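Here's the letter readout for the chains.
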Amino acid sequence: MKTLKNILIGFLVLVLVCLINLLVLSLNFQKVLIDGVIKESIRTKLTPSDITENVNIDNKEMEKLLNSKETNELVNKYLDKILNGVTGEETINEKEFKEDIINYIKNNKEEISKISGQEITDVDINKIEKEIYTKDFSNIINESQNQTNKMIPTEIKTAIKGYQFFTSKKFQIIMILSILIDLILIALLQKSLYKWIKTLSKSMISSGILTIIMSLVVVVIIKFLSPLKTFRINSLLISGIVILITGIIMLIVYNIVVKKEEKVNEVSQIS
C-alpha cells in the first residue's frame, strides 16, 4: 500500500512539473513569437544597407520604440487579428486600422524622428494622415486574407487555432485549476498540511531548470536553422529563472519552519 501511494505521489509530481511548464509556456509563447520573430524581422529589414544614405537609423532609439508598451499592444492586437483572419474568424476593420496607424505615429512622433534622424513635424503628420485616409485598404486587406486562406492548408489553420487556444486566458485558467487540484491530491496522499509545500517547491525548481534549458536550446536551434541573426527569448528565460529562485526560497523557508517545529516538539516532550 505504501509503495502504491509513493508511485501515485511520484506520478502526480511529474504531472505537476508538466502543468507548471505548460502554464509558463502559455504565458510566454506569444511574447517569444513577437520579440523573437516579428520584431527581429523588423530589425533585420531596417539595416543601413536597406535604407537610403540620407537616413541614419538610430538603433538604440529603434530598440526603445520596438520595446515600448504601445508597440507591444499594437503588434499583439494585429497579430491576433491576422491569425483570426487566416482561420476565417475575423477580418481587419479598415477604419480602425487607419486610426491605429495614425495614432501610433502621432504618439511616437519624437521617437520616430530620433530613429530616422529627420524631424517629423505636425505638417508631415497631417500629410501622412490625409494620404492614409484617401487610400483604400479594404480591397488590399480582403484580397490578402482571401489569398492567405486559400494558400494555407487545413493542417496549418488547425495549428494556428491550437496556438490561439494554448495562449488564451481560458487555457491558462485550466492549467492553474489543474495545478491546484494536483496539489490537493498530493496533500491528501501525504496526509499533511505542510509537506505539499516542499513538493511544490521541488517541482518549481525542476520546472525552472527545464524552462531555462528549453529556452537556451530553442535559441541555438533557431540560430542554426533560421535566417534570423538573433532570436530573443528573454521572457521565457527570465520566467525560468524566477520560478527556479522562487522554488529554492520556498524550500529554504519550508526547511527552516520544519526545523523550528521539530525543536519546539523536542522541548515540549522533554518538559
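Residues numbered from 1 in each chain as written. Predicted model: local features only at pLDDT ≥ 70, side-chain atom pairs only at ≥ 80, totals over all residues. Heavy atoms only, no water.

(A) Focus on the packing of aromatic side chains. Evaluated as defined, the whole model comprises four aromatic pairs. An aromatic cluster of at least three residues, connected via ring pairs, comprises Phe29, Tyr163, Phe165, Phe166 and Phe171. (Phe/Tyr/Trp six-rings, centres within 6.5 Å; stacked < 30°, edge-to-face > 60°.)

(B) Representation of helix H4 (residues 94-107). The terminal C-alpha atoms of H4 lie 20 Å apart, and with 14 residues this matches the ideal 20 Å at 1.5 Å per residue to within 8%. Residues Lys98, Asp100, Ile102, Tyr104 and Ile105 constitute the buried set of H4. (Helix = DSSP H or I, 4+ residues; strand = E, 2+ residues; numbered from the N terminus. Expected span 1.5 Å × (residues − 1). Buried < 20%, exposed > 50% of the residue type's maximum accessible area, 1.4 Å probe, protein only.)

(C) Broad picture of the nonpolar core. Formed by 20 residues in total, the largest nonpolar core has its most connected members in Leu16, Ile20, Ile179, Leu200 and Leu236. Sorting the residues of this core by element identifies helix H1 (2-45), helix H9 (169-190), helix H10 (195-225) and helix H11 (234-270) as the ones contributing at least two each. If one sorts the elements of this core by residue count, H1 sits on top with eight residues. The residues contacting Leu200, other than those within four sequence positions of it, are Leu16, Ile20, Leu183 and Met250. Among the nonpolar cores identified, the runner-up in size contains six residues, and Leu74, Tyr78, Tyr104 and Ile115 belong to it. (Core = buried A, V, L, I, M, F, W, Y, C linked by side-chain atoms within 4.5 Å. Contact = heavy atoms within 4.5 Å.)

(D) Spotlight on the environment of Ile197. Take Ile197: it is sitting in helix H10. In this structure, the C-alpha to C-alpha distance between Ile197 and Tyr254, residues 57 residues apart in sequence, is 7.2 Å. Residues contacting Ile197, with those up to four places away along its chain left out, are Met250 and Tyr254.

(E) Quick look at unusual backbone geometry. Its identity as a non-glycine residue notwithstanding, Lys191 has a phi of 50°, on the positive side. Along the chain, Lys191 turns up in the loop between H9 and H10. On the basis of relative accessible area, Lys191 is assigned to the exposed category, the value being 72%.

Honestly, it's all geometry; don't read function into it.
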